[in-house]
Number of protein chains: 2
Amino acid sequence: MTSPAADLAALQTPCLVVDEAKMTRNIEMMSARARDLGVTLRPHLKTCKSVDIARRLLTDGTGPATVSTLAEAEVFAAAGVRDILYAVGIAPQKLDRVLAIRRRGCDLAVILDTVEQADAVAAAFWRSGDTIPALIEIDSDGHRGGLKPDDPALIEIGRRLHGGGSALRGVVTHAGGSYDVVGHAAHEAFAEQERSAAVGAAEALRAAGLPCPVVSVGSTPTARAARDLSGVTELRAGVYVFFDLVMAGIEACAVEDIALSVLTTVIGRRADRGWLLVDAGWMALSRDRGTASQAVDQGYGVVCDEAGRVLPDLIVIKASQEHGVVAARPGAAGVDLPVGTRLRILPNHACATAAQHQAYHVLPTEPGAPLMEWPRFGGW
Amino acid sequence: MTSPAADLAALQTPCLVVDEAKMTRNIEMMSARARDLGVTLRPHLKTCKSVDIARRLLTDGTGPATVSTLAEAEVFAAAGVRDILYAVGIAPQKLDRVLAIRRRGCDLAVILDTVEQADAVAAAFWRSGDTIPALIEIDSDGHRGGLKPDDPALIEIGRRLHGGGSALRGVVTHAGGSYDVVGHAAHEAFAEQERSAAVGAAEALRAAGLPCPVVSVGSTPTARAARDLSGVTELRAGVYVFFDLVMAGIEACAVEDIALSVLTTVIGRRADRGWLLVDAGWMALSRDRGTASQAVDQGYGVVCDEAGRVLPDLIVIKASQEHGVVAARPGAAGVDLPVGTRLRILPNHACATAAQHQAYHVLPTEPGAPLMEWPRFGGW
């Protein structure tokens, strides 16, 4: 039972499988990118939510890291990560938890884009005596939150933080819009948009006599494509650890780079419709249909054999809670596989699919090594 | 801290809130329906995945019940449920777990629709000496798996089960297509389609000299609308325990019946776009957009104030992993609420939204009683 196939055969389906060799290549690719660009890499741990994977993502296991929830900050701080950016706008009600994590020796920073939040952070200092470092969120592509670099509120917030018992640590931006454009040149343009917005905001703060030591940018597509990050100090990215079909659809990776899949079993056949029923429904695959708006709609996922080889004619065309329907793509030949056959499904969106599961089953890089099981966590 | 609002104020967001009074009304409504129709109610526990809620759904806490995973069967059997139908086509590799649950004193039955599965169930008997009861899945609306009532495979499978060491317990059907039609009359027609397909299959088995003690039908819309279930022995339904916007959109409930919501906090504002950013993204709300194909697209959810009163002008128009964007519906007035404001979001699909969380925070029916926390589980 030492070959990968034999190990997978012992697993109950549906379950999450990680190809360690592919994951390691993805991690090394992004580390090399940050080195070449002369910036610090601050990996986003919201994709993996796993201490085992965080240790592989973070150079010496202690950071720097990015998280999307305070639950992530708490788990990773307890596991020894000492430098964390909580990159979702801070709610005033969450500042006591931020203070508690900081008291345990983790340098946790928050982000914000309103005067109310800056005042709440300052009030937390007066209450606790601890200075909470805060970065101001900058909007580089209009897709979500943040201030435009020329918004007068930027200086007002900077002043309230710097004078008010917080520490104005810098500016942060994320061009989520880069997920909606295809190809290296388009991602490079978004990377320059991130850079110029963040650097412009940093310059405006400095011109007003305020400090701005950190200039933080990034998303997986822009991090892969950036040519020049002058003025930027750090790069954030997350989904590259696994990659997924959405990233492949915008040419931010190849389908062969995708390190995450859902192992599933054929549980029924509808020869009249050319359907195979599998035991991975949306509960195992997630409801994410990120490729629906792309040039090639991959349904609920691309189908591979148990060894991970893509079966190019097949996709998961629909899903209910615990059933997936595998069928031929338009124009492709039909399919018939016996009940009990194992398949692996590549996900639309790795963050969403991984979140449906409680553990990773990891196919080791080293041939003959046993399958590993790494827990993952959720919650807020 | 005994009023509901004070209790909610102490919760960290995002989190899942259940209105116990609404849930109890929903449970009583469906129990009354089964009584009036003269059939046994076998609630589906895949929506709640909670022992506390299962005890309220099951008459005496021991069953009958329906589940969608063997993990559910294991948890509920351990909690004392003694009669469970695992209502997803059985994979041969899962039969050892079925046998283990049965050995612990729970009468767990499986469903299937192929000769291969019937032979695997029979082989498990020869291996273990335990008879696994099996129901044959009937296709009443073409939406997923099952055999048509006149498919010759029905009798062949019935013979292999009855003669082969299994127990042919009956037939089972689920008209998932009822979720796609609007109004009582349409649901009543689907209920009759379920009834006639299941009863037709039962008659075919009996005419071939085979037993068919159980004739099992149901979905929340058809269970609510059925007028006559002659020949049917039991009714299955699940999502009615909470209801949701998809059910409201097809008139299977009112919005006021929805007992489940996600508590969230305003974490940012984009006055230029009329947006509020909240800390419930798709990780808390799920990616389910079931109302997208309905007459009224409710986005990622209907917005209520902290007390649960619907704010009719607002919906969640988009969501990223940990951010939701609340905005006015088309033609409605804009919105501005301070950072820190608490809101509650009604879900598109209760099963999907609840699955994103690890606990229910339950507002008690009794005024002044403390908030309860009930764990929920996932996995397979």
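Structural notes, computed from the coordinates. All values reported here derive from a predicted model rather than from experimental measurement.

**Regarding the overall build of chain A**
Here comes step 1: Counting its regular elements, chain A contains 12 helices and 17 strands.
Here comes step 2: Relative to the globule expectation of 21 Å for 380 residues, the C-alpha radius of gyration of chain A, 22 Å, shows essentially globular dimensions.
Here comes step 3: Expressed along its principal axes, the backbone C-alpha trace of chain A runs to roughly 70 × 40 × 35 Å.
Here comes step 4: Per-residue burial over chain A gives 57% buried out of 380 residues.
Here comes step 5: The long-range fraction of contacts in chain A, counting pairs at least 24 apart against all pairs at least 6 apart in sequence, stands at 66%.

**Focus: the sheet that holds strand β3 (residues 65-67) of chain B**
Residues and elements named next belong to chain B.
Here comes step 1: As summarised here, the arrangement of the 8 strands in space is β2-β9-β8-β7-β6-β5-β4-β3, forming an open sheet in which the pairing is parallel. Unpaired on one side and paired on the other, β2 (40-41) and β3 mark the two borders of the sheet.
Here comes step 2: Bridging between β3 and strand β4 (residues 83-86) involves 3 bridges; their strand directions are parallel. Of the residues in β4, the one forming a bridge with Ala-65 is Ile-84.

**Remarks on the interface of chain B and chain A**
Here comes step 1: In this complex, chain B contributes 45 residues to the contact, which on the side of chain A involves 45 residues.
Here comes step 2: Put simply, the parts of the chain that give the side of chain B that touches chain A at least two residues each are α6 (115-128), β10 (260-270), α11 (282-285) and α12 (350-354) of chain B.
Here comes step 3: Looking at the side of chain B that touches chain A, the element that brings in the most residues is β10(B), giving 5 residues.
Here comes step 4: A breakdown of the residues in the side of chain B that touches chain A according to their chemical character gives 15 nonpolar, 20 polar and 10 charged.

**A few points about the sheet that holds strand β9 (residues 234-235) of chain A**
All names here are of chain A.
Here comes step 1: Read across the open sheet, the 8 strands follow the order β2-β9-β8-β7-β6-β5-β4-β3; overall the sheet is parallel. For this open sheet the edge positions go to β2 (40-41) and β3 (65-67), each flanked by a neighbour on one side alone.
Here comes step 2: Pairing of strand β6 (residues 133-138) with strand β7 (residues 167-173) involves 6 bridges; the strand directions are parallel. Counted as the bridge partner of Ile-136 is Val-171 from β7.
Here comes step 3: Sitting on the sheet, helix α8 (residues 184-207) is in contact with β6, β7 and β8 (214-217), with an inclination near 155° to β7.

**Description of the environment of B:Val51**
Residue and element names in this part refer to chain B.
Here comes step 1: Here Val-51 shows up in helix α3 (residues 51-57).
Here comes step 2: Residue class for Val-51 comes out partly exposed when judged on the 19 C-beta atoms lying within 10 Å of it.
Here comes step 3: With residues up to four places along the chain from it excluded, the contact list for Val-51 reads Val-75 and Ala-79.

**A word on the pairing of β7(A)**
Residue and element names in this part refer to chain A.
Here comes step 1: With respect to burial, β7 is a largely interior element, 6 of its 7 residues being buried.
Here comes step 2: Crossover connection from β6 via helix α7 (residues 152-163) to parallel β7: handedness right-handed.
Here comes step 3: Inspection of the sheet shows β7 paired to β8 by 3 bridges, in the parallel sense. In the strand pairing of β8, Val-171 is matched with Val-215.

**What about the relation of the copies chain B and chain A?**
Here comes step 1: Once turned by 180° and shifted 0.0 Å along the axis, chain B lies on chain A with an RMSD of 0.0 Å. Overall, the copies show the geometry of a two-fold rotation axis. Residue B:Arg287 of chain B places its C-alpha closer to the rotation axis than any other residue of that unit, at 2.6 Å.
Here comes step 2: Of the residues that chain B buries at the interface, 100% are likewise interface residues in chain A, meaning the two copies contact each other through the same surface.

**Focus: the pairing of strand β11 (residues 275-278) of chain B**
Working note: regular strand, side chains alternate between the two faces of the sheet.
Residues and elements named next belong to chain B.
Here comes step 1: Of the two faces of β11, the one carrying Trp-275 and Leu-277 and the one carrying Leu-276 and Val-278 are both buried.
Here comes step 2: Pairing of β10 with β11, which is carried by 4 bridges, proceeds in the antiparallel orientation. Its bridge partner being in β11, Val-266 is matched across the sheet by Val-278.
Here comes step 3: Counted between consecutive antiparallel strands, the loop separating β10 from β11 contains 4 residues, among which Gly-274 sits at a positive phi close to 70°.
Here comes step 4: Pairing of β11 with strand β14 (residues 324-328), which is carried by 3 bridges, proceeds in the antiparallel orientation.

Definitions and limits used
- Residues numbered from 1 in each chain as written.
- Chains lettered and ligands numbered in written order.
- Predicted model: local features only at pLDDT ≥ 70, side-chain atom pairs only at ≥ 80, totals over all residues.
- Helix = DSSP H or I, 4+ residues; strand = E, 2+ residues; numbered from the N terminus.
- Rg over C-alpha atoms; globule rule 2.2 N^0.38 Å.
- Buried ≥ 20, exposed ≤ 12 C-beta atoms within 10 Å, placed from the backbone.
- Contact = placed C-beta atoms within 7 Å.
- Pairing = 2+ DSSP bridges.
- Nonpolar A, V, L, I, M, F, W, Y, C, P; charged D, E, K, R; others polar.
- Axes fitted to C-alpha atoms, helices over the stretch in contact; angles between N-to-C directions.
- Right-handed = clockwise from strand over helix to strand, strands pointing away.
- Least-squares fit on C-alpha atoms with pLDDT ≥ 70 in both.

Keep in mind these numbers describe shape, not what the thing actually does.
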